[in-house]
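Each chain is listed here by its residues.
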Amino acid sequence: MLLAVVGAGVGAGASAVLSPGYEAQASVLLQGPRQPDELLTQAQVATSSVVLDRASAALGLGIRGTDLQKSVGASVAQGNVVTITAKGSSPERSQQLADQVAGEFVKYSTQLLGNSADQAAQLAQQQKEALRQQITQTNQRILDLSKSVETGDTVEGVQARTTLQGLRTALEQAVNNLNAADAATGAGNMVVLGPSERPSSPSAPTFPQLTVGGAVLFFVLGILAYLFGARTDRRPRAEGEIGAALGAPVLASIDIPAGSDAPAKWWRKAVGNDRPWNLPEVAASADDAAREVRYRRVLARLGADRDGVLRLLILVPRGDASARKVVEQFADAARGDRIRVEVAVTEIEVVPGAQPIVPDGTAGVLVVVSLGSRNAWELVSISEACSDAGHEILGAVLAREVHLAGGTKHQPAAKQRTDELAGAR
């Protein structure tokens, strides 16, 4: 959830750079036959600094054409059409900019062509007159040959017909050249295909799209990172795996009520952190008296020495708050008058790659750790440290912090307490 909020902020910030705002398009038609390279050249002219300077001055924008090139683009469409795209912060501004750039582009291109218009027109007229004279001469030559050719298959007749066919081909070529010259006369004409259409909505990617996209992207990345971390986490969570690593049975999995901090409790419940999905469920006790019964039953399972006294060394990893609470409850239960227990509590430093230090002695050992807090090698190191110190691990108790609905109950009913204590005898 936190990553989703961060992603939404990143997307919102990126919209200032990536969001184009409103886009309007104006189309300019280039009449006459055009080569592809010529169309690309005209598209570059449309976004030149000269055209954009004139458009900026006409609109009163007060910026240079080079700065306006970030907001104006040109592309070549089918049918000799140059499409001018303008971006703006509002629909009106993008429409005005597109229409103004299209108009200035036509004016500038017409001005460039007008400098050599007289010479081009004179040259085109001379070419047309020469082609017309060639056509007239060819027609006359064809007419003369047609009159002089006699019917028959003589050698002179065959030669005359061959010459006549060549003249017809030359006449067709002259007509084609004349048509091309006529088309070239109007090749410099340009026209704007109407005013651009005012955009009704911002162009993608918009501010909401980038914000939602950033939130979704970061949320998915967070889920993938969380699953990857859970997949690579090799800490045993099943009682059988933990018992096998310690070389002793798991006697119980005991719940520890969470703190009563209301905001933290609400936050944990909102994000689902009160019940981690990768940890097994632990049966929650009804109240403090029920938990005390479970502690006494664990001590009863451990048995006692020949003199009727249970000498017990309880090991708890340093920094394990939940396990420390369980150890305190075991110490309180051991001070009762029903079971004779001599308890010694020792905190050990469990770090990867190092064996913890356990005091020497011959007492039985009860290991108390939080569920899923230690990997297999750390549990094995605890077992080896106990064996090296001359202790026997009698069992293990797993602690897990749980959040109880309605708060923690401290005082049970009198009859319920009597029945539970009776079952612990």
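None of these values were measured; they are calculated from a predicted model.

Once that is clear, we can look at the packing of helix α11 (residues 288–302) against helix α12 (residues 321–334). Axis separation between α11 and α12 bottoms out at 9 Å; the angle between their running directions is 75°. With respect to each other, α11 and α12 are oriented roughly perpendicular. Contacts between α11 and α12 involve Y295, R296, V298 and L299 on the former and, on the latter, V326, Q329, F330, A333 and A334. Across the contact of α11 with α12, the residue classes break down as seven nonpolar, one polar and one charged.

Right, let's get into the packing of aromatic side chains. Any pair of aromatic rings gets described here by the distance separating the centres and the angle formed by the planes. With the rule as written, the count across this model stands at one aromatic pair. Centre to centre, the rings of Y295 and F330 are 5.0 Å apart; their planes meet at 55°, and the pair counts as tilted. With Y295 in helix α11 and F330 in helix α12, the pair connects residues that are 35 residues apart, well separated along the chain. Here Y295 matches F330 in class, with each residue buried.

A word on the confidence of the model for the protein. In regions of low pLDDT, the predicted coordinates are not meant to be interpreted in detail. Residues of the protein with pLDDT of at least 70 account for 79%, and the chain-wide mean is 79. Looking over the protein, one finds the lowest element-wise mean pLDDT in helix α14 (residues 414–424), namely 40, and the highest in strand β8 (residues 364–370), namely 92. Predicted confidence for residues 411–425 stays below pLDDT 50, and this span has 16 contacts to residues more than four positions away or in other chains.

The next subject is helix α13 (residues 376–388). Look at α13: 18 Å from first C-alpha to last across 13 residues, which is about the 18 Å you get at 1.5 Å a residue. In this structure, the buried residues of α13 make contact with α9 (239–246), β6 (310–317), β7 (341–348), β8 and β9 (392–402). The backbone nitrogen of W377 lies 3.2 Å from a side-chain oxygen of the residue at the head of α13, namely N375. Two residues or fewer past α13, G390 is found with a positive phi of approximately 85°.

With that out of the way, let us pick up the sheet that holds β8. Read from one edge of the open sheet, five strands run β5-β9-β8-β6-β7, paired in parallel fashion. The two strands at the open ends of the sheet, each matched to only one other strand, are β5 (250–257) and β7. Sheet twist, expressed as the average angle between the axes of neighbouring strands with direction ignored, equals 25°. Inspection of the sheet shows β5 paired to β9 by seven bridges, in the parallel sense. What sits directly across from V250, in β9, is A396. Packing of α11 onto the sheet brings it into contact with β5, β6, β7 and β9, and relative to β5 it is tilted by some 160°.

Turning next to a nonpolar patch on the surface. A grouping of V212, V216, L217, F219, V220, L221, I223, L224, Y226 and L227 is seen on the molecular surface, where their side chains present a nonpolar patch of about 910 Å² in accessible area. Taking relative accessible area as the criterion, L227 reaches 44% and is therefore assigned partly exposed.

It is worth spelling out the sheet that holds strand β2 (residues 72–77) at this point. Across a sheet, strands are paired by hydrogen bonds formed along the backbone, either parallel or antiparallel in direction. Strand order in the open sheet made by the four strands is β2-β3-β1-β4, with antiparallel pairing throughout. Among the strands making up the open sheet, the edge pair consists of β2 and β4 (190–192). Within the sheet, the average angular offset between the axes of one strand and its neighbour, ignoring direction, is 25°. Sheet analysis places strand β1 (residues 22–30) next to β4, joined by three bridges and oriented antiparallel. The partner of L30 across the bridge, within β4, is M190. Seen against the sheet, helix α2 (residues 36–46) touches β1, β2, β3 (81–88) and β4 and runs at an angle of roughly 165° to β2.

Quick look at the side chain of S15 now. In this structure, S15 sits in helix α1 (residues 2–18). A distance of 2.5 Å separates a polar atom in the side chain of S15 from the backbone oxygen of A12. In this structure S15 touches F207 and L210, once residues within four positions along its chain are discounted.

Attention now goes to the environment of I382. Looking at the secondary structure, you find I382 in helix α13. For I382, a relative accessible area of 1% translates into the label buried. Separated by 27 residues in the primary sequence, I382 and Q355 have C-alpha atoms spaced 7.0 Å apart. Setting aside residues up to four positions removed in sequence, I382 forms contacts with L246, L315, I348, V350, P356 and V367.

Along β6, seven of the eight residues are buried, which leaves the element largely enclosed by surrounding structure. Judged from the eight bridges that link them, β6 and β7 form a sheet pairing that is parallel. Counted as the bridge partner of L313 is A344 from β7. With four bridges connecting them, β6 and β8 associate as parallel partners. Paired with L312 across the two strands is G364, which belongs to β8.

Below, the discussion takes up the pattern of salt bridges. As enumerated under the stated definition, the model contains nine salt bridges in all. R324 is the salt-bridge partner of E347, the closest N and O atoms lying 3.5 Å from each other. One end of the pair, E347, is in strand β7; the other, R324, is in helix α12, with 23 residues separating them in the sequence. The closest approach of N and O atoms between E378 and R374, which form a salt bridge, is 3.9 Å. Using a relative accessible area of 8% as the deciding quantity, one classes E378 as buried.

Assignment of secondary structure puts E281 in the loop between α10 (262–271) and α11. In sequence terms E281 and S253 are 28 residues apart; their C-alpha atoms lie 9.5 Å from each other.

Rules and cut-offs
- Residues numbered from 1 in each chain as written.
- Predicted model: local features only at pLDDT ≥ 70, side-chain atom pairs only at ≥ 80, totals over all residues.
- Heavy atoms only, no water.
- Axes fitted to C-alpha atoms, helices over the stretch in contact; angles between N-to-C directions.
- Helix = DSSP H or I, 4+ residues; strand = E, 2+ residues; numbered from the N terminus.
- Parallel < 35°, antiparallel > 145°, perpendicular 65-115°, else oblique.
- Contact = heavy atoms within 4.5 Å.
- Nonpolar A, V, L, I, M, F, W, Y, C, P; charged D, E, K, R; others polar.
- Phe/Tyr/Trp six-rings, centres within 6.5 Å; stacked < 30°, edge-to-face > 60°.
- Buried < 20%, exposed > 50% of the residue type's maximum accessible area, 1.4 Å probe, protein only.
- pLDDT = per-residue confidence, 0-100.
- Expected span 1.5 Å × (residues − 1).
- Polar contact = N/O pair within 3.5 Å; in protein donor to acceptor, adjacent residues only side chain to side chain.
- Pairing = 2+ DSSP bridges.
- Patch = residues over 30% accessible without salt bridge, like charges linked within 9 Å, V, L, I, M, F, W, Y side chains within 5 Å.
- Areas by Shrake-Rupley, 256 points an atom, 1.4 Å probe, with all protein chains shown as cover.
- Salt bridge = Lys/Arg side-chain N within 4 Å of Asp/Glu carboxyl O.

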